[in-house]
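Structure assessment
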Amino acid sequence: MACYLKDKANLSFGVVGYILSTLMLNLNWLYFCAALLVQTAQAQDFYGDARCEAMAGASLTIPNAWSVFNNAGAIADANLGVGAGYLNRFMMSEISEKAMATTIPAAGGVCGAGINYFGYQKYNQFKIALGYAKKLGEKLNAGITINYHVLDIALSPQKSNAIAGNIAMLYHFNNNWHFAIALNNIAKKVIYDQALDEIVVSKILVGTSYQADKVVCEVDIESKPDYGNITINTGVELKPVGGLSIRTGITTQSFNTCWGAGYDFGFMNIDFAVRRHWILGWLPSISVGFYKKN
């Protein structure tokens, strides 16, 4: 009888231990996924352009309305235009983003403005970007952007605000080969709450591209001096027929792979893209743009 009771107790302890170990393993896995999800949502920039998303963010030398977010120098090559974009992160509206941007030739150059909204009612980040760029010659463009950031957290006594600036240039070696450099979120000033220090991060970006009628290839390198890490984004765009474009890209940030396509209707561009995170899944995006042609 004593042996039977002892064996039954050992079995019970074994079952309980197995359940507890399985529960802890699942909790650790959930914690890892949650931490990775938050890190991915905050670290990954969305400029509103699904074309940029499909090319893994490699877009420093590509001029359009979205340049107001990543390279103010490219604004000088943009025509009158407006765009709207949406990124759905892992089919969760709470960590998705919406953006709008526009460029308007004025004051001897081109003015740009953009709005980006991340999150939902209880936690959201809001950004307004205002920029101006000018051609300093046949080959060189320069631009500046002022960014206003707001972080709103439910039950917080007041919103956290920050002001930062971007300085950038774009150099055209010839009609096909281009080079860009941007210093983003420099001279940052955080107001009230230092939580924005982890969100509004200073960056140094350098990029180069080859652009022809049927193909665009770009490589961008992004450095965050405060963290000492470097991200490489590479993208390729092919234009096989008419206004159709097919794109792909790879980024070393979590080693995401990207795909997408778009169509130029002449008066309007529609672009689709999807990123594939190696653990968390898919990030689909879509953007629509209206641009005045040359």
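So, a few notes on the structure that sits alongside this text. Here the structure is a predicted model, which is why all the values come from computation and not from measurement. (Residues numbered from 1 in each chain as written. Predicted model: local features only at pLDDT ≥ 70, side-chain atom pairs only at ≥ 80, totals over all residues. Heavy atoms only, no water.)

**Let's talk about the environment of Asp213**
- Along the chain, the position of Asp213 falls in the loop between strand E8 (203-211) and strand E9 (215-224).
- The class for Asp213 is exposed, based on a relative accessible area of 69%.
- Sequence separation of Asp213 and Leu238 is 25 residues, and the distance between their C-alpha atoms is 9.0 Å. (Helix = DSSP H or I, 4+ residues; strand = E, 2+ residues; numbered from the N terminus. Buried < 20%, exposed > 50% of the residue type's maximum accessible area, 1.4 Å probe, protein only.)

**Notes on the packing of aromatic side chains**
- Using the criterion set out here, one finds six aromatic pairs in the structure.
- Ring plane angle 90° and centroid distance 6.4 Å describe the contact between Phe118 and Tyr123, whose orientation is recorded as edge-to-face.
- On the basis of relative accessibility, which here comes to 6%, the residue Phe118 falls in the buried class.
- With 4.2 Å between their ring centres and 25° between their planes, Phe173 and Trp177 make a pair best called stacked.
- Taken together, the aromatic side chains of Tyr171, Phe173 and Trp177 make up a single cluster linked through ring pairs. (Phe/Tyr/Trp six-rings, centres within 6.5 Å; stacked < 30°, edge-to-face > 60°.)

**Things to note about the pattern of salt bridges**
- This structure, assessed with the given rule, holds seven salt bridges.
- The residue Lys239 makes a salt bridge to Glu237 at a minimum N-O spacing of 3.9 Å.
- The class of Glu237 is buried, set by a relative accessible area of 1%.
- Arg247 serves as the salt-bridge partner of Glu237, at 2.5 Å between the closest nitrogen and oxygen. Remark: Arg247 occurs in strand E11 (residues 244-251) and Glu237 occurs in strand E10 (residues 229-238); sequence separation between them is 10 residues. Take Glu237 and Arg247: they sit in the same class, and that class is buried.
- The network of salt bridges with shared partners includes Arg51, Glu237, Lys239, Arg247 and Asp271. (Salt bridge = Lys/Arg side-chain N within 4 Å of Asp/Glu carboxyl O.)

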